[in-house]
Amino acid sequence: DAKTTQPPSMDCAEGRAANLPCNHSTISGNEYVYWYRQIHSQGPQYIIHGLKNNETNEMASLIITEDRKSSTLILPHATLRDTAVYYCIGVRNNNDMRFGAGTRLTVKP
Amino acid sequence: GAVVSQHPSRVICKSGTSVKIECRSLDFQATTMFWYRQFPKQSLMLMATSNEGSKATYEQGVEKDKFLINHASLTLSTLTVTSAHPEDSSFYICSAFSTWSSYNEQFFGPGTRLTVL
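Throughout this document, residue positions are counted from 1 along each chain, in the order its sequence is written. The order in which chains are written sets their letters, starting at A; the order in which ligands are written sets their numbers, starting at 1. Per-residue local features are limited, in this predicted model, to residues with pLDDT of at least 70; the limit for side-chain atom pairs, both in listing and counting, is 80 or more; totals at the level of whole chains, interfaces and linings are taken over all residues. For the side-chain quantities, the full set of heavy atoms in the structure was used; hydrogens and water were omitted.

Q: So what exactly am I meant to see when it comes to the environment of Ile64 of chain A here?
A: Residue and element names in this part refer to chain A. By definition, any uninterrupted DSSP run of H or I lasting at least four residues is a helix, any uninterrupted run of E lasting at least two residues is a strand, and each is numbered from the N terminus. When you line up the elements, Ile64 lands in strand E6 (residues 61-64). By relative accessible area, which is 7% here, Ile64 ends up buried. Taking the C-alpha atoms as reference, Ile64 lies 5.8 Å from Asn54; in sequence the two are 10 residues apart. Every residue pair with non-hydrogen atoms within 4.5 Å of one another is taken to be in contact. Beyond its immediate sequence surroundings of up to four residues, Ile64 is in contact with Gly50, Leu51, Lys52, Asn53, Asn54, Ser70 and Ser71. With a 1.4 Å probe rolled over the protein chains alone, any residue whose accessible area is under 20% of its type maximum counts as buried; one over 50% counts as exposed, and the rest are partly exposed.

Shown next as structure tokens:
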């Protein structure tokens, strides 16, 4: 699976969009980009995933560059409850998911 | 999304005892379950992958005789930490996946915090 690189931490003002970047320059053609988040002392929560096209659901949007070497998770209107560690993971099939260090997002009032 | 539960949520035990952690998929049949371990301020580390009815596949460095995994049914997997020691104290998290469902993600349990005295 592709190695992913994320900034260790980010801050965002409440109500503003949070844009979390992820580099996955070694991603292969059949690997999906998955995003999960983990709120303190809980299990990870699925956010969104994509292969080539941009994706949007009720939680977030995922923008994948045309060369697929990077992506951005967008939380359109961040709230205090969005404070968590966000993980970007390259997954060839859902039988193998390796978590990196993630980005610790802090939403501030 | 689907629901995965873990029991117990928290356990404290004495050194040398064994602890069993259950992971259940409540509303779907999980063809594959995964066990992760997470130390404070660190990321999740995959310990093993188990498919229903077959032996678990352990990651390098994870002792299979110490961390016994059983996936006897499509809704239940158990992790037994045998002869637990203080260094085994950690947050253990399971996840479940089904190749038959319309979901394409792993569903994670809430985790079990193990403290070995």
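Q: Sorry, what's going on with the interface of chain B and chain A here?
A: How big an interface is tends to be stated in terms of accessible area lost as the parts join. Facing 20 residues of chain B, the contacting portion of chain A comprises 18 residues. Interface area, chain B with chain A, both sides summed: about 1,400 Å², of which 50% is carbon and sulfur. The term salt bridge refers to a side-chain nitrogen of Lys or Arg lying within 4 Å of a carboxyl oxygen of Asp or Glu. Across the chain B-chain A interface, the total number found is 1 salt bridge. Here Arg98 of chain A ties to Glu59 of chain B by a salt bridge, and the two come within 2.8 Å at their closest N and O atoms. Under the rule applied, a polar contact is a pair of N or O atoms within 3.5 Å (in protein, one hydrogen donor and one hydrogen acceptor; residues adjacent in sequence only if both atoms are side-chain atoms). One can count 6 residue pairs in polar contact (both at pLDDT 80 or more) joining chain B with chain A. Residue assignment for the side of chain B that touches chain A shows that the elements contributing at least two residues are strand E4 (32-38), strand E5 (45-51) and strand E9 (90-97) of chain B. Among the elements that make up the side of chain B that touches chain A, the one with the highest residue count is E4 of chain B (4 residues). Amino acids outside the nonpolar list (Ala, Val, Leu, Ile, Met, Phe, Trp, Tyr, Cys, Pro) and the charged list (Asp, Glu, Lys, Arg) are all regarded as polar, and Gly is one of them. Residue composition of the side of chain B that touches chain A, by class: 9 nonpolar, 8 polar and 3 charged. Defined in terms of a 1.4 Å probe, buried area is the accessible area two parts forfeit on being brought together, summed over both.

Q: I tried to follow the packing of aromatic side chains on my own but got confused; where do I start?
A: Note on aromatic pairs: each is described by the distance of the centres and the angle between the planes. Pairing of aromatic rings covers Phe, Tyr and Trp, the last counted by its six-membered ring, and requires centre-to-centre distances within 6.5 Å; plane angles under 30 degrees mean stacked, over 60 mean edge-to-face, and any other angle means tilted. Scanning all chains against the criterion turns up 12 aromatic pairs over all chains. Between Tyr34 of chain A and Tyr36 of chain A, the ring centres sit 6.5 Å apart and the planes meet at 15 degrees, which makes this aromatic pair stacked. No difference in accessibility class separates Tyr34 of chain A from Tyr36 of chain A, as the two residues are buried. Taking 5.6 Å as the distance between ring centres and 90 degrees as the angle between the ring planes, the aromatic pair formed by Phe99 of chain A and Tyr36 of chain B counts as edge-to-face. Taken together, the residues span two chains, with Phe99 of chain A in the loop between strand E8 (84-91) and strand E9 (103-108) and Tyr36 of chain B in strand E4. Taken as a pair, Phe99 of chain A and Tyr36 of chain B share a single burial class, namely buried.

Q: It is not clear to me how the nonpolar core should be interpreted in this structure. Could you clarify?
A: For soluble globular proteins, the rule of thumb is that nonpolar side chains tend to be buried together. As used here, the term nonpolar core means buried Ala, Val, Leu, Ile, Met, Phe, Trp, Tyr and Cys residues forming a set that is joined through side-chain atoms within 4.5 Å. Counting 26 residues, the largest nonpolar core has Val4, Phe28, Trp35, Phe67, Leu79, Tyr92 and Leu114 of chain B as its most contacted members. For this core, the secondary structure elements donating two or more residues are strand E2 (10-13), strand E3 (19-25), E4, E5, strand E7 (67-73), strand E8 (76-81), E9 and strand E11 (112-116) of chain B. Once residues within four sequence positions are removed from consideration, Leu79 of chain B is found in contact with Val19, Lys20, Ile21, Trp35, Phe67, Leu68, Ile69 and Tyr92 of chain B. Counting 21 residues, the second-largest nonpolar core is a separate cluster that includes Ile64, Ala84, Tyr86 and Leu105 of chain A.

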